[in-house]
Amino acid sequence: MTGWGGIEWDAFMIVAGAALASTVVLVTLYSLGIRLLTTGGRIPLVEPAEFTGAITVMWSKKAAKLAKRARKAAEASPLSDAQKAAAILGGYLCFTLCAAAVLYGVYLIVPALHA
């Protein structure tokens, strides 16, 4: 079905829907991966940046305070060691699925990869 300006609206809506769905899936997987790693006791803590163009600069004193808070939270966790290990494994699985989805998207976009 071609409409105004020769645009195939059916194909356009399919592409828009696929883009929206894949965005929701990737963001959900990444967020779930971060949550599972945090639940398992692997708090992602980024070291302070040493360059002046950083948006947020975290001094070593603040970084130590946040690391201490993360250790206390990990010690207070009601989960068993097996549950923590399962959460960490689930987090890594979520990141692996994210990477696989991105690589599949690149495969679909680049014709030289499947020609």
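Source: prediction; values computed, not measured. (Residues numbered from 1 in each chain as written. Predicted model: local features only at pLDDT ≥ 70, side-chain atom pairs only at ≥ 80, totals over all residues. Heavy atoms only, no water.)

Undergrad: Lay out the overall build of the chain in plain terms, naming residues and giving numbers.
TA: Regarding its fold elements, the chain presents three helices and zero strands. When the helices and strands of the chain are read in sequence order from the N terminus, they spell out α-α-α. Scored against the burial criterion, the 115 residues of the chain give a buried share of 14%. Partitioning the contacts of the chain with sequence separation of at least 6, the portion at a separation of at least 24 is 62%. Total accessible area on the chain is roughly 9,100 Å²; 70% of this is exposed by carbon and sulfur atoms. (Helix = DSSP H or I, 4+ residues; strand = E, 2+ residues; numbered from the N terminus. Buried < 20%, exposed > 50% of the residue type's maximum accessible area, 1.4 Å probe, protein only. Contact = heavy atoms within 4.5 Å. Areas by Shrake-Rupley, 256 points an atom, 1.4 Å probe, with all protein chains shown as cover.)

Undergrad: With reference to specific residues and values, describe the UniProt feature "transmembrane region" (unreviewed entry) in the chain.
TA: Within this structure's numbering, the places UniProt gives as "transmembrane region" (unreviewed entry) are residues 12-32 and 86-110. Its end C-alpha atoms 30 Å apart, residues 12-32 is made of 100% helix and 0% strand. The straight-line gap between the two end C-alpha atoms of residues 86-110 is 36 Å; of that span, 96% is helix and 0% is strand. (UniProt positions renumbered as here; feature names shortened; annotations may be inferred.)

Undergrad: An account of the state of the cysteines is needed here, citing residue identities and associated values.
TA: Summed over all chains, the structure comprises zero disulfides. We note that cysteine 94 lacks a disulfide partner, and the nearest cysteine sulfur, in cysteine 98, lies 7.2 Å from it. Cysteine 94 sits in the buried class, given a relative accessible area of 6%. (Disulfide = S-S within 2.5 Å.)

Undergrad: Account for helix 3 (residues 81-109), with residues named and values stated.
TA: With 29 residues, helix 3 should cover 42 Å at 1.5 Å per step; its first-to-last C-alpha distance of 42 Å lies within 8% of that length. Among the residues of helix 3, those classed as buried are Lys84, Ala87, Ile88, Gly90, Gly91, Cys94 and Cys98. (Expected span 1.5 Å × (residues − 1).)

Undergrad: Please provide a residue-by-residue account of the environment of alanine 86, values included.
TA: Mapped onto the elements, alanine 86 comes out in helix 3. Overall, the relative accessible area of 47% leaves alanine 86 in the partly exposed class. A sequence separation of 47 residues divides alanine 86 from threonine 39, and the C-alpha atoms of the two residues are 9.9 Å apart.

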